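# Inside the fold
The primary structure of each chain is shown beneath.
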Amino acid sequence: MRKEELKNWQTAKMMTNIVPKPSGRVLADVSEAAIGDRVDFWVANQSMSAKATTTCELRVIGTTCKIFRDLNNATDSTGKVYSPASTTDALLQTFANEFDTNIFPFVTSNYGNTFDKNADGKITIVFSPRITALGDVWGYFSSGDLYDFGNTNKRDMFYIRTLDDSYTAEDFLMLAKSTLTHEFQHLVNYVEHTILRAGSPEESWLNEGLSVEAEWRYSFNNDSRIDFYCWNSNIIGIAYWQ
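Described in the following lines is the structure provided in the data block. (Residues numbered from 1 in each chain as written. Predicted model: local features only at pLDDT ≥ 70, side-chain atom pairs only at ≥ 80, totals over all residues. Heavy atoms only, no water.)

Taken as a whole, this structure holds nine salt bridges when the rule is applied. Between Lys117 and Asp148 there is a salt bridge, and its shortest N-O distance comes to 3.1 Å. Placement of Lys117 in the loop between helix H2 (89-110) and strand E6 (123-128) and of Asp148 in the loop between strand E7 (139-140) and strand E8 (157-161) is noted, with a sequence separation of 31 residues between them. Overall, Lys117 belongs to the buried group, its relative accessible area being 0%. (Salt bridge = Lys/Arg side-chain N within 4 Å of Asp/Glu carboxyl O. Helix = DSSP H or I, 4+ residues; strand = E, 2+ residues; numbered from the N terminus. Buried < 20%, exposed > 50% of the residue type's maximum accessible area, 1.4 Å probe, protein only.)

Below, the structure written as structure tokens:
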């Protein structure tokens, strides 16, 4: 599954703080009616604690998802530039097919419901080089997007990195699907606990454990994190991967 470098979920917690209950759904953005439509989204920028807008283009409309690709390059702390171009429409269509056919029904039937904040009936997934430029992070979910704050996207959504020269297309496909499953569990977990039941978010160790479990059950592949935890449970907790 994901490599050991993919443990930077502690910083991601800053994106999922407890916030007031959403005031309600908003109407879907009618500009997102066709492939090629563009929307400015707030996306993590240079760190998980900072966000800025970037223009993204709608590339795939699935049964349960809308997939956008960031149009802009991103630069990491060393000056390396990451382009969205390698994450082709063909790859995005593969992700959409997998999400519609397997990931969406698996997560919603086993872990919880979506909120459908913007009432479009779909999950928004943004593939952005900004996530790639963060280094350790493969993707994230921000609970703020379910609220009407000024610098949030006001929809059920999460974010995934783009393909770069660190991975083959085959490895990227496997890891990104795993991340889609992981982050989707976080989304429905938050919705179930905080919005639908008006309670507090799940304990971080259990929430993270459920996301790791969701990955494993979805793929039925061996996960090196399980062995790592078993051998090191005296010094780390399962929230190590949050």
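The next point concerns the packing of H2 against helix H4 (residues 169-196). Each pair of packed helices gets described by two things: the angle between the helix axes and the distance between those axes. Where H2 meets H4, the axes come as close as 10 Å, and the angle between the chain directions of the two elements is 40°. By the angle between their axes, H2 is oblique relative to H4. Here H2 and H4 pass one another in a crossing that is right-handed. Listed contacts from H4 to Leu91, Thr94, Phe95, Glu98, Phe99, Ile103, Phe104, Phe106, Val107 and Thr108 of H2 are Phe172, Leu173, Ala176, Lys177, Leu180, Thr181, Phe184, Gln185 and Val188. By residue class, the composition of the contact of H2 with H4 is 13 nonpolar, four polar and two charged. (Axes fitted to C-alpha atoms, helices over the stretch in contact; angles between N-to-C directions. Parallel < 35°, antiparallel > 145°, perpendicular 65-115°, else oblique. Left-handed = near helix turned anticlockwise from the far one by under 90°. Contact = heavy atoms within 4.5 Å. Nonpolar A, V, L, I, M, F, W, Y, C, P; charged D, E, K, R; others polar.)

Take the environment of Pro105 next. In this fold, Pro105 is placed in helix H2. Given a relative accessible area of 34%, Pro105 falls into the partly exposed group. Considered as a pair, Pro105 and Thr64 are 41 residues apart in the sequence and their alpha carbons are 9.5 Å apart.

With that settled, consider the packing of aromatic side chains. Each aromatic ring pair is described using two quantities: the centre-to-centre distance and the angle formed by the ring planes. Going through the model one piece at a time under the given rule, you end up with 15 aromatic pairs. One aromatic cluster is present, built from ring pairs that chain together Phe95, Phe127, Trp138, Tyr167 and Phe172. Directly above the ring of Trp138 sits Arg161, whose terminal nitrogen or CZ lies 4.9 Å from the centroid. (Phe/Tyr/Trp six-rings, centres within 6.5 Å; stacked < 30°, edge-to-face > 60°. Lys NZ or Arg CZ within 6 Å of the ring centre and 35° of its normal.)

In this structure, Ile67, Phe95, Ile125, Phe158, Phe172 and Phe184 are the most contacted members of the largest nonpolar core, which totals 36 residues. Elements with a contribution of two residues or more to this core: strand E3 (65-70), H2, E6, E8, H4 and helix H5 (204-219). Of the residues forming this core, the biggest block, 10 residues, is contributed by H4. Each residue touching Phe95, except ones within four places of it in the same chain, is listed here: Ile67, Phe127, Phe172, Leu173, Ala176, Lys177 and Leu180. With 15 residues, the next largest nonpolar core counts Ala44, Met48, Val126 and Leu134 among its residues. (Core = buried A, V, L, I, M, F, W, Y, C linked by side-chain atoms within 4.5 Å.)

As a further point, take the sheet that holds strand E2 (residues 51-61). The six strands lie next to each other as E1-E2-E3-E6-E8-E7, forming an open sheet whose pairing is mixed. A strand with exactly one partner marks an edge of an open sheet, and here the two such strands are strand E1 (38-44) and E7. Relative to E8, E7 runs antiparallel, the two being bridged by two bridges. Within the sheet, the bridge partner assigned to Gly139 lies in E8 and is Ile160. Each of E2, E3, E6 and E8 is contacted by H2, which is oriented at about 150° to E3, the strand it contacts most. The strands touched by H4 within the sheet are E6, E7 and E8, with E8 carrying the most contacts at an inclination of about 155°. (Pairing = 2+ DSSP bridges.)

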